[in-house]
Amino acid sequence: MSLSRRQVTAAAVAAVPLTFAATGTAQAAGRRARTLYIAGDSTAAQKYADAAPETGWGMALPFFLHKDRPVANHAVNGRSSKSFVDEGRLDVILRQIKPGDFLLIQFGHNDEKVNDPTRYTEPWTTYQGHLRMYIDGAREQGARPVLATSVERRKFDAAGKTLPSHGEYPAAMRALAKQEGVTLLDIQALSIALWQRLGVEETKKYFNWTAAEQDNTHFNPPGAIAVARLVAQELLRTRVLTSGDVRRLDETIPGSWITWPKAAV
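Everything numeric here is computed off the predicted structure, so don't read it as measured data.

> Describe the environment of W209, naming the residues involved and giving the relevant values.
Assignment of secondary structure puts W209 in strand β7 (residues 207–209). For W209, a relative accessible area of 30% corresponds to the partly exposed category. C-alpha of W209 to C-alpha of P53: the two residues are 156 residues apart in sequence and 9.1 Å apart in space. A polar side-chain atom of W209 sits 2.9 Å from a polar atom in the side chain of N216.

> Explain the nonpolar core to me, using residue names and the numbers behind them.
Formed by 41 residues in total, the largest nonpolar core has its most connected members in W57, L61 and W195. Elements with a minimum of two residues in this core: β2 (36–40), α2 (57–60), β4 (102–106), β5 (144–148), α7 (187–202) and α8 (221–237). Per element, the largest residue contribution to this core is nine residues, and it comes from α8. Leave out the neighbours within four places in its chain, and W195 touches V151, E152, R153, F156, T162, T203, Y206, F207, F219 and V227. By size, the runner-up hydrophobic cluster in this structure holds 26 residues, among which are I93, I97, A172 and L176.

> Break down the pairing of strand β8 (residues 214–219) for me, with residues and values.
The sheet contact formed by β7 and β8 spans two bridges and is antiparallel. Residue pairing for β8: W209 is matched across the bridge by Q214. Linkage of β7 to β8, two consecutive antiparallel strands, is achieved through a turn of four residues.

Cut-offs applied
- Counting restarts for each chain, with residues numbered from 1 along the sequence as it is written.
- pLDDT decides what is reported in this predicted model: residues at 70 or higher carry local features, side-chain atom pairs at 80 or more are listed and counted, and totals for whole chains, interfaces and linings draw on all residues regardless.
- Hydrogens and water molecules were not included; the side-chain quantities draw on all heavy atoms of the structure.
- Under the DSSP-based scheme used, a helix requires at least four consecutive residues in state H or I and a strand at least two consecutive residues in state E, with every element numbered from the N terminus.
- With a 1.4 Å probe rolled over the protein chains alone, any residue whose accessible area is under 20% of its type maximum counts as buried; one over 50% counts as exposed, and the rest are partly exposed.
- Counted as a polar contact is a pair of N or O atoms within 3.5 Å, where, for protein atoms, one must be capable of donating a hydrogen and the other of accepting one, and residues adjacent in sequence contribute only when both atoms are in side chains.
- Take the buried Ala, Val, Leu, Ile, Met, Phe, Trp, Tyr and Cys residues and link them wherever side-chain atoms come within 4.5 Å; each set so joined is a nonpolar core.
- Should any heavy atoms of two residues lie within 4.5 Å, those residues are considered in contact.
- Strand pairing follows a simple DSSP-based rule, namely that at least 2 bridges must link the two strands.

See the structure below:
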């Protein structure tokens, strides 16, 4: 994920995470709000008005969660598991996260940047080592870590078969989740299966394809909503959340629900 001027601007303002919740009634009586923190890259990150219609799946996740399960989206454009830590962003989360909260960790896109020493990690050594920092940090604060393999890019061969693009990073995360006893959301496997079902042309409606660019990595509102639905479904299936925590899993979510606030000056 190379950083364009627009992405650099968005990354700067994204250093201050926003918590978004979809419309709904007040918190359910007797339930303490337990926040779901997201540590990740641009596929999940909050986008601003200058980036529209580009949309991170973290922007759509609150539509599928009840109000007392708010989302604190700390994902930032262009970050890897390493650079997120090196910039102190994990420390920010660990100062805020509380017992009973959740830390959802999705990195891989930028860990693959072998020619960038500020971001590159090797799948079976430094990548796993950095992910352990998130796992251990969350557990030390009494929060629950959850690993999510990287959502797949839009990539097809000449015969229309979807192609994986993340090398050994998903396998390394799966192995680490098993070693550390951490819940895994296999979003890479689920998203590549979804892109295959949709096909070459239909998937263009889910990615940031505009008259100006053909982006096969980042999403538009329908794509972000589709991936957020996968995340919410997996949070329920793996019993990280209960049926009382989620909503609208089988409902159509209008793309018009997505909004892009103005970036902070």
